[in-house]
Amino acid sequence: MIGLISATAAGAAARDRLAAAWPDRTRVYDGPVADAVRRAFAECEQLVCFLATGAVLRLIAPLLGDKASDPGVVCVDEGGRFAVSLVGGHGGGANELACEVGELLGAEPVVTTATDAVGIPGLDTLGLPVEGDVAGVTRALLDGEPVALDAEVPWPLPPVPFAAEGAYTVRLTDRAIAPGEGEVLLRPPSLVVGVGASKGAPVDEVLKLIKTALGDAGLSVRGIAELATVDAKAGEPGIVEAAGRLGVPLVTYSAEELAAVAVPNPSDAPLAAVGTPSVAEAAALVRGGELLVPKRKSDSRPAMATCAVVRRPARGRLAVVGLGPGARDLLTPRAKSELQRASVLVGLDQYVDQIRDLLRPGTRVLESGLGAEEERARTAVEEARKGQAVALIGSGDAGVYAMASPALAEASDDIDVIGVPGVTAALAAAAILGAPLGHDHVSISLSDLHTPWEVIERRVRAAAEADIVVTFYNPRSRGRDWQLPKALAILAGHREPTTPVGVVRNASRPDESARLTTLAALDAATVDMMTVVTVGNTATREIAGRMVTPRGYRWQEEPK
């Protein structure tokens, strides 16, 4: 919950805007400001104070305890010009909150955390449990000193400028070791603990078994990703409470799924009880991995719990990102976030140039020229399979005549794939022209490099006969100068010569140009590969210089 505190009418107005925008996230604290701040500090995860930073500092100073537990505090000035991350930038999420508040109120976010200022992710913001000399290693990264990454367990981290070796080290490990001098341990959730239990097994017995099994194998409890068991034990109190105390999810599988898993230590007892010869080992192994701890029983008499531990391989992460039509303000916040999340960026060289300034230090860039789409798709998938966090970029929306389809054709279910939508060229052009896509519409590429012309022509004819608005991508190049006139001729057989046609080149870019013409008057020689051509249907009209297709085909009668 975010506590909102204000002292003046101007502050209250901005406060109320936040409260209205985030009704489920915020709580307004009224009354004397000092009391309001104290109550909000004790009850909320974050605070937004519409007060001077000096005043807030004096009010919260006696309340501050530890940066790991203190709420994040953001200050907004009376004029609503700045949203200042004051306390808890990372641990309390104040840096991110300042950006959110700034975006909503039109204020400039002010973030002074050193790592954020230079674009290096904080070691305590990577989403993994962290131990060791975080301050010292972070300072070394900021000072440009070599910090080595020792990835005992590969994991898709965001970009950090690691070196091959150095006096400082970041170690990715699920082993139960203590950090050395100048070392930070990151604990990836790589361990799956399969658990079986008799009815009524005490939670203390289940927990003791798990911790003993991990300790004997030299593994850290902080590396547990989940507990896993059979569906029949989904409500077993000892298992459910054990997962709760460990702070990990409980995942269950059917007896049929577990019975299909080959295990080294099957048993007749679980087969008779729940329908599978193995619960602990099978539940740990069902999604693959390396069995580190075979089935073992608790030491009570009789033993009421079993467990097994598997190290599951890291799943790489492939984000397929649409960059939009080119303008920076049409690049979505989600796309920007994914670009900064990726340690490997794959893309066409000219698209990489568009967003190179957004990449964090340490991002590995794999760029290539035109005509290498399949190679880029394969490269992105291969990097993800190595456990990397990869962003594969394309213009517009990556799923529309871009990189998503070849990449997903290469990918299997061994990596996580995230699609990030973007503003397409058709949509950008339509917004410039007016509202040509107000009713049914279709996009057709006139490039026959990958699709036979016979197929393209059949699709154009179908759109013409169905009276659908058509946007042509890749309409004309030096080597393909006859396809657009042919497509226009097909449409002309079903539409009037006066049908509006919009021609937009380099939509949203500095050299953008747009014009409105007609089906009869369009000169195909003025069109190139940087252009999209939108041909209206029989209801499309030009109104006040804009191209408009009504939502319904009953056009309102023009006023007399």
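Look above for the structure.
The structure presented is a predicted model; accordingly, all values stated were derived computationally and were not measured. Throughout, a residue's number is its position along its own chain's written sequence, starting from 1. Predicted model: local features are reported for residues with pLDDT of at least 70 only, side-chain atom pairs are reported and counted for 80 or more only, and whole-chain, interface and lining totals are derived from all residues. Just so you know, side-chain values use all the structure's heavy atoms and leave hydrogens and water out.

**Details of the nonpolar core**
Core analysis: the largest hydrophobic core is formed by 24 residues, its most contacted members being Val193, Ile210, Ile224 and Leu227. Counting from the N terminus, the helices are DSSP H or I runs at least four residues long and the strands are E runs at least two residues long. Within the residue set of this core, elements represented by two or more residues are strand 11 (191-197), helix 7 (203-216), strand 12 (224-230), helix 8 (237-246) and strand 15 (305-311). When near neighbours in sequence (up to four residues on either side) are disregarded, Ile210 contacts Val193, Val195, Ile224, Leu227, Leu246 and Cys307. Nonpolar core, defined: a set of buried Ala, Val, Leu, Ile, Met, Phe, Trp, Tyr and Cys residues in which side-chain atoms within 4.5 Å join the residues together. The cut-offs for exposure are 20% and 50% of the maximum accessible area for each residue type, with area from a 1.4 Å probe on protein chains only; residues under the lower value are buried, those over the upper are exposed, and the others partly exposed. It only takes one pair of heavy atoms within 4.5 Å for two residues to be counted as in contact.

**Thoughts on the sheet that holds strand 12**
Pairing is mixed across the open sheet formed by five strands, whose spatial order is 13-12-11-15-14. Every interior strand has two partners, whereas the edge strands, strand 13 (250-253) and strand 14 (290-297), have only one. The mean angle between the axes of side-by-side strands here comes to 25°, regardless of whether they run parallel or antiparallel. A pair of strands is labelled paired if DSSP reports no fewer than 2 bridges between them. Sheet topology places strand 12 next to strand 13; four bridges connect them, and they run parallel. By the bridge assignment, Ala228 is partnered in strand 13 with Val251. Where helices are involved, their axes are fitted lines through C-alpha atoms of the stretch in contact, as for all axes, and angles between N-to-C directions lie from 0 to 180°. Here helix 7 sits on the sheet in contact with strand 11, strand 12, strand 14 and strand 15, set at roughly 40° to strand 15. Strand contacts of helix 8: strand 11, strand 12 and strand 13, with the helix running at about 175° to strand 12, the strand carrying the most contacts.

**What about unusual backbone geometry?**
Residue Pro302 follows Arg301 across a cis peptide bond; omega there is 0°. Considering the arrangement of structural elements, one finds Pro302 in the loop between strand 14 and strand 15. In this structure, Asn506 takes a positive phi of about 50° despite not being glycine. Within the fold, Asn506 resides in the loop between strand 24 (500-505) and strand 25 (513-518). Of the residues examined, Asn506 reaches a relative accessible area of 7% and is grouped as buried. Here the phi dihedral of Ser508 falls at roughly 75°; this positive angle occurs in a residue that is not glycine. Secondary-structure assignment places Ser508 in the loop between strand 24 and strand 25.

Purely spatial values, then, with no claim about function.
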